[in-house]
Amino acid sequence: MSRRLVKAPAQSAAKVIRRERAKLINALINGNGSPRENRFNDNCEMFERRVGEGLDLLTSYLEGDVSAGALYAGQRTIEISKPELTADENLIAARKSIGDELEILQRFLSRALSEKDLAEFQLSFQSATSAITAQATKHVRTLFVGDCVMAELSAFLLAPLAVEGLSIDPFPINARTAGHLVSILEKLSNKEFDAVFFSPFTHARLPEIDKLERISSGMMRTGRLQRHISSMIDQTKNFLDILSLRFECPIFVHNCSLIPRTQSRVKAELTSLIMHRSSSYIRSRINKWIADYIAVLNAQQFQHVFLLNEDALAKQHGRKKTGRFIHASDFQHPTVLSRLLADEYFMRITTMANLLGRKLIVCDLDNTLWHGLIGEGPVSHFKDRQATLKRLKDHGGIVLSIASKNDPANVHFKGSVLLYQDFIAPQIGWMMKSKAMLQIKQTLNLQTKHIVFIDDRADERALMQEAFPDILVLDACDERTWKRMNLWADLVHGVSELNRTTLYQQKERREAATASLMTDNASATNPLKALGMVVSVREAKRADLKRVVELINRTNQWNLTGQRVTLDQVKAWHNSERTLILIGSAADKFGDMGTVCVAVVTTETERVEIPIFVLSCRVFGYGVETVMLDEIAIRCGIGVSGMRLVGHYNANGQNGPCSTMYLDHGFRKSTNCFEWTGSPAFPVVDWLEKHND
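Residues numbered from 1 in each chain as written. Predicted model: local features only at pLDDT ≥ 70, side-chain atom pairs only at ≥ 80, totals over all residues. Heavy atoms only, no water.

*Asks:* I tried to follow the overall build of the protein chain on my own but got confused; where do I start?
*Replies:* Within the protein chain, the regular secondary structure consists of 23 helices and 22 strands. Counting all 693 residues of the protein chain, 53% fall into the buried class. A total accessible area of about 30700 Å² is found for the protein chain, and carbon and sulfur atoms account for 51% of it. (Helix = DSSP H or I, 4+ residues; strand = E, 2+ residues; numbered from the N terminus. Buried < 20%, exposed > 50% of the residue type's maximum accessible area, 1.4 Å probe, protein only. Areas by Shrake-Rupley, 256 points an atom, 1.4 Å probe, with all protein chains shown as cover.)

Here's what the structure looks like:
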């Protein structure tokens, strides 16, 4: 698998470029009278070599080498983009640079090519660079930490991600020491990232790796090997400590494969034979350590560091095969493993872009959760698929529902992993699935952008997508669907303190009981008293902070300022003497609703500010917000010595339900805020019992 060749798209242009290579390099360097935009142009020799290599890759692509096109796009992206810039700023720079390059090449080639050949070249060039200049619908902020393998595999990522409407930050950080890494991260301190990828053991990132990848390492004594291993572990531990403390986003860490890279099959066989003992010894010890240490980090902090099993990938596809070069030059030398790793990155990036933030999975049944038609006889369950969905439900807080064209009397879950009670508001009947989806959506009060629909039939998927463009529609028969679902389950494992399915079931029983009481109770007694609801308000402890972040960031309808926060921000508030974080939890005779309210309160000289106030939709209408405001007033001495309570509301199109909260509690509308000085008294909430610490 050295080259992927197709019919040469612009053979005539390729011949001219090869013949006039030196002149073209000079033209590209000088540009239109100004130096070409390139982060490496402070080193003239390197700059010229990079431009030449880029031109060679483009030429190979024009001759039919698809891989060369991907590598050319990757190299140009890394040359143009700057980590400190935003995605839009880098896109503007890329479009200008690529546009200038096309103009220079066309002007040069027009002297030797016919109009037809020139047009073919333009189309081929635009095809090769389309992933660089495309406007993405979503940008995933990525940070790549590692050596040149990061640049190589990111090159193979650009085009597939562009097809999905996604873009990334492709420039890799090649930090050799912990101090160097800290220095680089300080320069990027104003940027947030959605995912970090760290490749600690590839190629020559550490000096020990360079030594261990040589054939001579096969002759090393065990003691010397162990010293190299210990040094690699110590350095990698320092990097992991820095990354795990600095970033809250998912961090994907490669383990060690130590594949021998070569262009010769004979050399690959010989190298593999000589190094078998030493490489096996190194891999077994390093890979056990890194798996164990990732578990330690997640236990000490929270689950956000994940193993990317590079070693298993090399073993699955063959170590000798995965070590073969696809291309070899001064600046790029990707192997088959680089392309395989790019596929793994693609799966993770698309999963984070498209699945994180979704709250509901609506499944078809026949040939989706089981094989066969349940109305026509026995079926065989897809237990692996069901186990993945159950993991999402039980450990990730994802809600499951059903939209299936079936006779409800025929549907059963005998012998399955999932049970009927695992699903909320299931719609089983003969109505159109779009109507079933509408019923589910209204019952659960969810926006379509938070819903995933899985079905085996292309026509049903197309109809659902047409009816609800925001819903993520997935093919149940595509194995990539279930790989992504498994990754999603890993990423959200343990992020929610409560099972949302249980919460919805409690909500249904609670609302049914309340409706019945309101119908049957002819007295003036408030029927909400029969729920026996207890609200507890206390100051957040350190162990609560992750939940505080989750509730603030997941709340839209009753989020008064619409603000989003990071764990570092919340930790800073928790450590500040001027800031108080209050959390409210609720429970009634139907069950525990968990943490349902968060208020962040800051104390100034003569006023107390509420920059953040959020309330879960599951307690709308029960007066929990009144209890929280009352607790803030008591703790902060509002009305004493002139202290006043100041609240803020920023309308954002989603938080309409809380627009009148301050006015409903007697606050006076000021220019940019709402103020309360202790009167009038807050409304009485006599159907709740309040506890506090």
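Following the structure, the description resumes.
*Asks:* Just to check I follow, could you spell out the environment of K589 for this structure?
*Replies:* Here K589 is to be found in the loop between β16 (579-588) and β17 (591-603). The exposure class of K589 is exposed, given its relative accessible area of 57%. Taking the C-alpha atoms as reference points, K589 and M533, separated by 56 residues in sequence, lie 7.1 Å from one another. For K589, the contacting residues outside a window of four places in its chain are A530, L531 and G532. (Contact = heavy atoms within 4.5 Å.)

*Asks:* Please clarify how the packing of helix α20 (residues 545-554) against helix α21 (residues 567-575) should be interpreted in this entry.
*Replies:* When two helices pack together, their arrangement is captured by the angle between the axes and the distance separating the axes. As a packed pair, α20 and α21 sit with axes 9 Å apart at the nearest point and diverge in direction by 125°. It follows that α20 is oblique to α21 by the angle criterion. At the point where α20 passes α21, the crossing takes the right-handed sense. Contact residues: α20 offers L545, K546, V548 and V549, while α21 offers L567, V570, K571 and H574. Of the residues in the contact of α20 with α21, the class split is five nonpolar, one polar and two charged. (Axes fitted to C-alpha atoms, helices over the stretch in contact; angles between N-to-C directions. Parallel < 35°, antiparallel > 145°, perpendicular 65-115°, else oblique. Left-handed = near helix turned anticlockwise from the far one by under 90°. Nonpolar A, V, L, I, M, F, W, Y, C, P; charged D, E, K, R; others polar.)

*Asks:* I'm lost on the packing of helix α4 (residues 66-80) against helix α6 (residues 115-133) in this one. Help?
*Replies:* Contact pair α4 / α6: the axes reach a minimum separation of 9 Å and the direction vectors enclose 50°. One way to sum up the angle between α4 and α6 is to call them oblique. α6 is crossed by α4, and the crossing has right-handed handedness. Each of G69, Y72, A73, R76 and T77 in α4 lies in contact with α6, whose residues at this interface are F125, A128, T129 and I132. Class assignment of the residues belonging to the contact of α4 with α6 gives a composition of five nonpolar, three polar and one charged.

*Asks:* Explain the packing of aromatic side chains here, please?
*Replies:* For any pair of aromatic rings, the description consists of the separation of the ring centres together with the inter-plane angle of the planes. Scanning the entire structure with this criterion turns up 19 aromatic pairs. Taken together through their ring pairs, the aromatic side chains of F144, F197, F252, F306 and Y345 make up a single cluster. Between R385 and the ring centre of F382, over which it is positioned, the NZ or CZ distance is 3.9 Å. Taking the ring centre of F302 as reference, the NZ or CZ of K546 above it sits at 4.7 Å. (Phe/Tyr/Trp six-rings, centres within 6.5 Å; stacked < 30°, edge-to-face > 60°. Lys NZ or Arg CZ within 6 Å of the ring centre and 35° of its normal.)

*Asks:* Mind showing me how you'd approach the sheet that holds strand β11 (residues 399-405) here?
*Replies:* For sheets, the rule is that strands pair by backbone hydrogen bonds, running either parallel or antiparallel. The strand order β12-β11-β8-β13-β14 describes an open sheet built from five strands, whose pairing is parallel. Each having just a single partner strand, β12 (427-429) and β14 (472-475) make up the two edges of the open sheet. Strand-to-strand twist in this sheet, taken as the mean axis angle between neighbours without regard to direction, amounts to 20°. (Pairing = 2+ DSSP bridges.)

*Asks:* I tried to follow the sheet that holds strand β2 (residues 142-145) on my own but got confused; where do I start?
*Replies:* Pairing is parallel in the open sheet, where five strands are placed in the order β4-β2-β5-β6-β7. A single partner strand is all that each edge strand has here, and the edge strands are β4 (172-173) and β7 (305-308). Summarising the sheet, β2 and strand β5 (residues 195-198) pair through four bridges and their orientation is parallel. Note on β5: the bridge partner recorded for V145 is F198.

*Asks:* Looking at this structure, I do not really get unusual backbone geometry. What am I missing?
*Replies:* Peptide bonds are trans in most cases, and residues, glycine excluded, mostly fall at negative phi. Here the residue pair S679 and P680 is connected by a cis peptide bond, since its omega of 0° sits within 30 degrees of zero. When you line up the elements, P680 lands in the loop between β21 (674-676) and β22 (689-692). With phi around 60°, N367 is a residue other than glycine that occupies positive phi space. When you line up the elements, N367 lands in the loop between β8 (360-363) and β9 (370-371).

*Asks:* Help me understand the environment of E192 in this model?
*Replies:* Along the chain, E192 falls in the loop between α8 (178-187) and β5. By relative accessible area, E192 is classed as partly exposed at 42%. Between the C-alpha atom of E192 and that of L143, which follows or precedes it by 49 residues, the distance is 9.5 Å. For E192, the residues in contact, after removing those within four places along its chain, are R141 and T566.

*Asks:* Any chance you could explain the side chain of R484 here in plain terms?
*Replies:* Checked against the element boundaries, R484 lands in helix α18 (residues 479-492). Nearest to the buried, unbridged R484 among oppositely charged side chains is E164, at 4.2 Å. Every residue in contact with R484, bar those within four places of it in the chain, is listed here: E164, F346, M347, T350, T351 and L355. (Lys, Arg positive; Asp, Glu negative; His and termini not counted. Salt bridge = Lys/Arg side-chain N within 4 Å of Asp/Glu carboxyl O.)

*Asks:* Please clarify how the pattern of salt bridges should be interpreted in this entry.
*Replies:* Pairing is possible between side chains that carry opposite charge, provided their charged atoms lie close to one another. Inspection of the entire model under this criterion finds 34 salt bridges. The salt bridge partner of D56 is R21, with a shortest N-O separation of 2.8 Å. In this pair, D56 is assigned in helix α3 (residues 44-62) and R21 in helix α2 (residues 21-30), connecting sequence segments 35 residues apart. Here R21 falls in the partly exposed class, since its relative accessible area comes to 32%. The closest approach of N and O atoms between R141 and D194, which form a salt bridge, is 2.8 Å. Here the residue R141 occupies a position in the loop between β1 (138-140) and β2, and D194 occupies one in the loop between α8 and β5, the gap between them amounting to 53 residues. On the basis of relative accessible area, R141 is assigned to the partly exposed category, the value being 34%. On the accessibility criterion, D194 (23% relative accessible area) is partly exposed.

*Asks:* Would you take a moment to explain helix α17 (residues 458-467) for this structure?
*Replies:* Of all the residues in α17, the buried ones are E460, R461 and M464. Projected onto a plane normal to the axis of α17, the buried residues spread over an arc of 100° and lie on a single side. (Arc of directions from axis to C-beta.)

*Asks:* I'm lost on helix α22 (residues 624-636) in this one. Help?
*Replies:* Because the α-helix completes a turn every 3.6 residues, residues three or four places apart line up on one side. Taking 1.5 Å per residue as the helical rise, α22 with its 13 residues ought to reach 18 Å, and the 18 Å between its terminal C-alpha atoms agrees with that figure. In terms of residue burial, α22 counts as a mostly covered element, since ten of its 13 residues are buried. Taken from the residues just after α22, G637 is the one with a positive phi, measuring 65°. (Expected span 1.5 Å × (residues − 1).)

*Asks:* Help me out: how do you make sense of the nonpolar core in this one?
*Replies:* Nonpolar side chains tend to gather and get buried jointly when the protein is soluble and globular. In this structure, L62, F121, L157 and F197 are the most contacted members of the largest nonpolar core, which totals 67 residues. The greatest single-element share of this core, amounting to ten residues, is contributed by helix α14 (residues 336-354). When near neighbours in sequence (up to four residues on either side) are disregarded, L157 contacts F144, I168, A342, Y345, F346 and I349. (Core = buried A, V, L, I, M, F, W, Y, C linked by side-chain atoms within 4.5 Å.)

*Asks:* I tried to follow the side chain of T448 on my own but got confused; where do I start?
*Replies:* Among the secondary structure elements, T448 is positioned in the loop between α16 (433-444) and β13 (451-455). Its relative accessible area of 14% is what places T448 among the buried residues. If near-sequence neighbours (up to four positions away) are discounted, T448 is found in contact with R358, K441, F468, D470 and I471.

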